[in-house]
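Here's the letter readout for the chains.
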Amino acid sequence: MLKFLVFDQDQPPTDWPLRNTYLLGGDGTPIMRGEIVFEDGAIVAEKREAGAAALVLQHEVAELGELTLQTCLLPERDEPYVLSIELARHRVMILYTRLEDWGLFELDPDHPVTERTEQARQLFIEALSVQGEDTLAADRLAQQSLAIALDASEELALTHSQIMLNRRRRTQTLPEHPIGCLAPFEMSQDRVLRQALPGNIDFLHLPTPWKSLAPEEGDYNWQVMDAWVRWARKHQMPIVAGPLLSFDTFNLPDWLFIWEHDYETVRDLAYEHIDRVINRYKEHVSVWYAASGLHLNRHIAFNFEQLMELTRLAAMRVKKLAPQAKSIIELREPFGEYYATNARSIPPMTYADLVVQAGISFDGFGLQFLMGQSQPGHYARDLMQISTMVEQYTAFGKPVYFTAGAPSEPVTQMMIADADASEPVDDNSGYWRRPWSGQVQGHWLEAVMQIALSKPGVEGVAWQELNDHRAMALPLSGLLTEELEVKDAFSRLVSFRKSLVAEPGAAMRDEPLGAAPPQEQADKSVRDEA
């Protein structure tokens, strides 16, 4: 058992919300069958596996946001830990580890990272020194240490990414088509919407939802997708398409559930569907997302061998039918929280390793990271965690295609497409720096794109949605509003894309994180421009 003391205004609270809470084992994989509750002024974590474990939970950190953070690996003991001290310990450790890994200990003494790292270290030492005598004082010092260390780690992630991005620009190793966006499948006929794309993105990610392409078994409707393909060819824009195989609610046709307990039939239907889509568009698509999120195993239950067979099937058909195109296997919810509650699923790093070790022929991994709604895998994370996560997947030696998304205002449960209104759900998914707004979304987009494209193995970064619409996986995450007004995120994406061809060393950010853009820019409308 692990026990953590928490404090609210210098006294034990009577209640403490537990959001996105789970335990991590020594290999970084979420521990299943762990029970975490709040009782008697403390968080109590019961685990049924031997060995040290780390606690992960959503935690508010001063002015930096409400983010999912973790402790170091801790052994079981009778004496309770102080949560703030253990969160600060882990973040200070991350700071020093990344400084060493990235070779940045030689930063100037007056660099913000250097100054804040030393401040966080001193405050953490003070917290440890008074812990035995005054727990409340230790908690206050640890909270300060955590906030400064978190701020320093984000600044470090941005500093390192700017150095590495400038290096990619100098050595001309940036991808030929670095910036993309997911097309709104159901709005292909909107002329004004299409005018937002040419000259502002490098590639179009065209979804291929089985649910929309074949609403009835065997009856395909190609009209929408054909229109997008013709438009992309006219504007000489490369097409990334897929996923060909995905079992989430936005892709899975309703009629397929008739066969959910008949694996052989599902496999054969998937085989036929993949072949029909590839054969129709293989002359126009340069990158296929063969499979996406199969490791989640959330809506139709398959066993391990079946999941791997489906992965191999999807990748194999791309290689067979479109050998000139790249085949991508996408990992969703890449931090792997889902594994703590779903025994049928596969942890994302384990799945990636299995795909590589199984000799499946594919050309790269896709990483989808959405943040900003109270759904599994969508709770708020800080920039250092995102930077570290991307590096973990590029370490497999395969190119990575990164997809990101965040909302322009707080998402309520009623906005979520598959929400069950009969069950009350906590809408608090956390936030980065400030509660979600157009300005916060814009700054987050710019920071995440800079971090992702700075990694040598990343071949492209796409935003999850072009415009807001009712059937989106992450509400309010579009670059344009539903009325096609330009959000700050769109302006920043265009500005960042232009900066990629600027002289190396030029500033990647002209405003501090969280600053608001000029009002006239925020109010501009694509429809007005047209």
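Since this is a predicted model, take the numbers as computed values, not measurements.

Conventions adopted
- Residues numbered from 1 in each chain as written.
- Predicted model: local features only at pLDDT ≥ 70, side-chain atom pairs only at ≥ 80, totals over all residues.
- Heavy atoms only, no water.
- Helix = DSSP H or I, 4+ residues; strand = E, 2+ residues; numbered from the N terminus.
- Rg over C-alpha atoms; globule rule 2.2 N^0.38 Å.
- Buried < 20%, exposed > 50% of the residue type's maximum accessible area, 1.4 Å probe, protein only.
- Contact = heavy atoms within 4.5 Å.
- Areas by Shrake-Rupley, 256 points an atom, 1.4 Å probe, with all protein chains shown as cover.
- Lys, Arg positive; Asp, Glu negative; His and termini not counted.
- Charge placed at Lys NZ, Arg CZ, Asp CG, Glu CD.
- Axes fitted to C-alpha atoms, helices over the stretch in contact; angles between N-to-C directions.
- Parallel < 35°, antiparallel > 145°, perpendicular 65-115°, else oblique.
- Left-handed = near helix turned anticlockwise from the far one by under 90°.
- Nonpolar A, V, L, I, M, F, W, Y, C, P; charged D, E, K, R; others polar.
- pLDDT = per-residue confidence, 0-100.
- Pairing = 2+ DSSP bridges.
- Patch = residues over 30% accessible without salt bridge, like charges linked within 9 Å, V, L, I, M, F, W, Y side chains within 5 Å.
- Salt bridge = Lys/Arg side-chain N within 4 Å of Asp/Glu carboxyl O.
- Core = buried A, V, L, I, M, F, W, Y, C linked by side-chain atoms within 4.5 Å.
- Expected span 1.5 Å × (residues − 1).
- Polar contact = N/O pair within 3.5 Å; in protein donor to acceptor, adjacent residues only side chain to side chain.
- Right-handed = clockwise from strand over helix to strand, strands pointing away.
- Phe/Tyr/Trp six-rings, centres within 6.5 Å; stacked < 30°, edge-to-face > 60°.

## As for the overall build of the protein
- Counting its regular elements, the protein contains 14 helices and 16 strands.
- Against the compact-globule benchmark of 24 Å for 530 residues, the protein has a radius of gyration of 23 Å, which places it among compact chains.
- Overall size of the protein, expressed as C-alpha extent along the three principal axes, is 70 × 55 × 45 Å.
- For the protein, with 530 residues in total, the buried portion stands at 58%.
- Long-range pairs, those at least 24 residues apart, make up 74% of the contacts in the protein between residues at least 6 apart in sequence.
- Surface summary for the protein: the accessible area is close to 22100 Å², and the carbon and sulfur share equals 48%.
- With 47 positive and 77 negative side-chain charges, the protein shows a spacing of 8 Å between the two charge centroids.

## Some words on the packing of helix α10 (residues 383-394) against helix α11 (residues 438-454)
- Relative to each other, α10 and α11 sit at 30°, their axes nearing to 10 Å. The angle between the axes of α10 and α11 places the two elements in the roughly parallel class. α11 is crossed by α10, and the crossing has right-handed handedness. Note on element contacts: α11 touches α10 through Trp444, Ala447, Val448 and Ile451, opposite Leu383, Ile386 and Ser387.
- When the residues that make up the contact of α10 with α11 are grouped by side-chain class, the tally is 6 nonpolar, 1 polar and no charged.

## Quick word on the confidence of the model for the protein
- Looking at the protein as a whole, the pLDDT averages 90, with 91% of positions reaching at least 70.
- Note that pLDDT drops below 50 for residues 419-424; the model gives that stretch 2 contacts with residues more than four away or on any other chain.
- Throughout residues 507-530 the model reports pLDDT below 50, and contacts reaching past four residues in sequence, or to other chains, amount to 51 contacts.

## Observations concerning the sheet that holds strand β15 (residues 431-432)
- Pairing is antiparallel in the open sheet, where 4 strands are placed in the order β2-β5-β6-β15. Of all the strands in the sheet, the pair left with one neighbour each is β2 (22-24) and β15.

## A short note on a negative patch on the surface
- Residues Glu35, Glu39, Asp40 and Glu46 make up a contiguous surface patch of negative charge.
- Its location among the elements puts Glu39 in strand β3 (residues 35-39).

## What about the nonpolar core?
- With 153 residues, the main nonpolar core has Ile43, Phe247, Trp288, Phe402, Trp444 and Trp463 as its most contacted residues.
- One finds Phe203, Val240, Val287 and Tyr401 within the second-largest nonpolar core, a separate group that totals 7 residues.

## Some remarks on the side chain of His90
- Its place among the elements puts His90 in helix α1 (residues 83-101).
- Setting aside chain neighbours within four positions, we find His90 in contact with Gln70, Thr71 and Cys72.

## A look at the side chain of Glu86
- Looking at the secondary structure, you find Glu86 in helix α1.
- Leave out the neighbours within four places in its chain, and Glu86 touches Phe4, Gln70, Thr71, Cys72, Leu74 and Tyr81.

## A word on helix α8 (residues 304-321)
- The end-to-end C-alpha distance of α8 is 26 Å, a good match for the 26 Å that 18 residues give at a rise of 1.5 Å each.
- Here α8 starts with a cap whose side-chain oxygen sits 3.2 Å from the backbone nitrogen of Glu305, and that cap is Asn303.

## Some details on the sheet that holds strand β4 (residues 42-46)
- What the 4 strands build is an open sheet, ordered β3-β4-β1-β7; its pairing is mixed. The sheet is open, and its two edges are formed by β3 and β7 (81-82), each paired on a single side.
- Two elements, strand β1 (residues 2-5) and β4, share 4 bridges in a ladder whose sense is antiparallel. Bridging across to β4, Leu2 finds its partner in Ala45.

## Brief notes about the pairing of strand β12 (residues 326-332)
- Burial runs high along β12: 6 of the 7 residues are buried.
- Pairing of strand β11 (residues 285-292) with β12, which is carried by 5 bridges, proceeds in the parallel orientation. Each bridged residue has a counterpart across the sheet, and for Trp288 the counterpart in β12 is Ser327.
- The parallel pair β11 and β12, bridged by α8, forms a crossover whose chirality is right-handed.
- Looking at chain direction, β12 and strand β13 (residues 364-370) are connected through 5 bridges and run parallel. Each residue of the ladder has a partner; that of Glu330, found in β13, is Gly366.
- Note on the crossover from β12 through helix α9 (residues 348-357) to β13: the handedness is right-handed.

## Brief notes about the pattern of salt bridges
- For the structure on display, the rule yields 24 salt bridges.
- Taking the shortest distance from any N to any O, the salt bridge between Arg497 and Asp202 comes out at 2.9 Å. One end of the pair, Arg497, is in helix α12 (residues 488-499); the other, Asp202, is in the loop between α4 (191-194) and β9 (203-206), with 295 residues separating them in the sequence.
- By sharing partners, the salt bridges in this structure join Arg98, Asp101, Glu391 and Lys455 into a single network.

## Concerning unusual backbone geometry
- For the bond from Gly242 to Pro243, the omega torsion is 10°, close enough to zero to count as cis.
- For Pro243, the position within the fold is in the loop between β10 (239-241) and α7 (263-281).
- A positive phi angle, near 70°, is found at Arg433, a position not held by glycine.
- Here Arg433 shows up in the loop between β15 and α11.
- One non-glycine residue, Leu484, lies in positive phi territory at about 70°.

## Regarding helix α6 (residues 223-234)
- Taking 1.5 Å per residue, 12 residues should reach 16 Å; α6 reaches 17 Å between its end C-alpha atoms and fits that length.
- Remark: Gln236 follows α6 within two positions and exhibits a positive phi of approximately 55°.

## Some remarks on the packing of aromatic side chains
- Per the counting criterion, the structure on display carries 15 aromatic pairs.
- With a centroid separation of 5.0 Å and 15° between ring planes, the pair formed by Tyr220 and Trp222 is classed as stacked.
- Assessed through its relative accessible area of 15%, Tyr220 is described here as buried.
- Look at Trp222 and you get buried, because its relative accessible area is 13%.

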